[in-house]
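Topology and contacts: notes
So you can see what is in the structure, the chains are spelled out below.
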Amino acid sequence: MHEMSLMSEVFEIINQTVETNNIRQVKKVNLQVGRLANVAPDSLSFIFGILAQGTKCQGACLMVEEMPVTANCLTCDQEFHGEGFPLICPACGSRETYITGGTEFRVASLEVDEEVKSNN
Ligand SMILES: [Zn+2]
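Before going into details, it helps to say that this report is about the structure given with it. (Residues numbered from 1 in each chain as written. Predicted model: local features only at pLDDT ≥ 70, side-chain atom pairs only at ≥ 80, totals over all residues.)

Moving on, we come to the environment of Thr-17. In this fold, Thr-17 is placed in helix 1 (residues 2–20). Put simply, Thr-17 and Leu-36 are 19 residues apart on the chain and 26 Å apart in space, counted from C-alpha to C-alpha. (Helix = DSSP H or I, 4+ residues; strand = E, 2+ residues; numbered from the N terminus.)

Written out as structure tokens, the structure is:
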């Protein structure tokens, strides 16, 4: 499953962060998923729950932020939000564009309980 392999990679990153920072418990994972990442957001929470079992992410909440498609125009260098394909530059009408965003699948941030408490 596509989503499973992506989430496995995400977990490797999280586990590295957990080890490096002596994190006791991950409370929330904020994930950024581009519209072009070709995943079903609904299945991500399910997979997350499976992979989290027995790790410091067990019981953590998964937040999925859907990222828009952005592109740059090769003709006039305009950056714009893509709505459907083909991507057409709204400034000059060119179809010669390249995608700059919307394929993300990454951890934006973690909310955690750290081993060493800071003084509030
Ligand atoms: Zn343009």
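Next comes the rest of the write-up.
Time to look at the nonpolar core. As a rule of thumb, soluble globular proteins bury nonpolar side chains together. Formed by 13 residues in total, the largest nonpolar core has its most connected members in Met-7, Ile-14, Val-26, Val-29 and Cys-57. Contributions of two or more residues to this core are made by helix 1, strand 1 (23–34) and helix 2 (41–52). Counting residues per element, this core draws most heavily on strand 1, which supplies 4 residues. Contacts of Cys-57, omitting those with residues within four sequence positions, involve Ile-14, Val-26, Val-29 and Ala-52. (Core = buried A, V, L, I, M, F, W, Y, C linked by C-beta atoms within 7 Å. Buried ≥ 20, exposed ≤ 12 C-beta atoms within 10 Å, placed from the backbone. Contact = placed C-beta atoms within 7 Å.)

The next point concerns the packing of helix 1 against helix 2. Helix 2 packs onto helix 1 with a crossing angle of 55 degrees between their chain directions and a minimal axis gap of 10 Å. For the element pair helix 1 / helix 2, the angle class is oblique. Between helix 1 and helix 2 lies a crossing whose hand is right-handed. Together, Glu-3, Met-4, Met-7, Ser-8 and Phe-11 of helix 1 and Ser-43, Leu-44, Ile-47, Phe-48 and Leu-51 of helix 2 make up the contact between the two elements. (Axes fitted to C-alpha atoms, helices over the stretch in contact; angles between N-to-C directions. Parallel < 35°, antiparallel > 145°, perpendicular 65-115°, else oblique. Left-handed = near helix turned anticlockwise from the far one by under 90°.)

A separate point is the environment of Leu-31. Tracing the chain through its elements places Leu-31 in strand 1. Once residues lying within four places of it in the same chain are set aside, the contact partners of Leu-31 are Val-10, Leu-62, Met-63, Val-64, Glu-65, Val-107 and Ala-108.

With 9 bridges joining them, strand 1 and strand 6 (residues 105–114) adopt antiparallel strand pairing. When the sheet's bridge partners are listed, Val-29 is paired in strand 6 with Leu-110. In the sheet, strand 1 pairs with strand 2 (residues 61–67) via 7 bridges, with the strands oriented parallel. Residue pairing in the sheet places Asn-30 in a bridge with Met-63 of strand 2. Handedness of the crossover is the feature at issue here: the chain leaves strand 1, passes through helix 2, returns alongside strand 2, and the resulting connection is right-handed. (Pairing = 2+ DSSP bridges. Right-handed = clockwise from strand over helix to strand, strands pointing away.)

This next bit is on the sheet that holds strand 3 (residues 70–73). One open sheet accounts for 3 strands, arranged 4-3-5; its pairing is antiparallel. Taken across any chain shown, the strands that pair with only one partner, and hence form the sheet edges, are strand 4 (79–81) and strand 5 (97–101). Sheet twist, expressed as the average angle between the axes of neighbouring strands with direction ignored, equals 35 degrees. Judged from the 3 bridges that link them, strand 3 and strand 4 form a sheet pairing that is antiparallel. Across the sheet, residue Asn-72 finds its bridge partner in strand 4, namely Glu-79.

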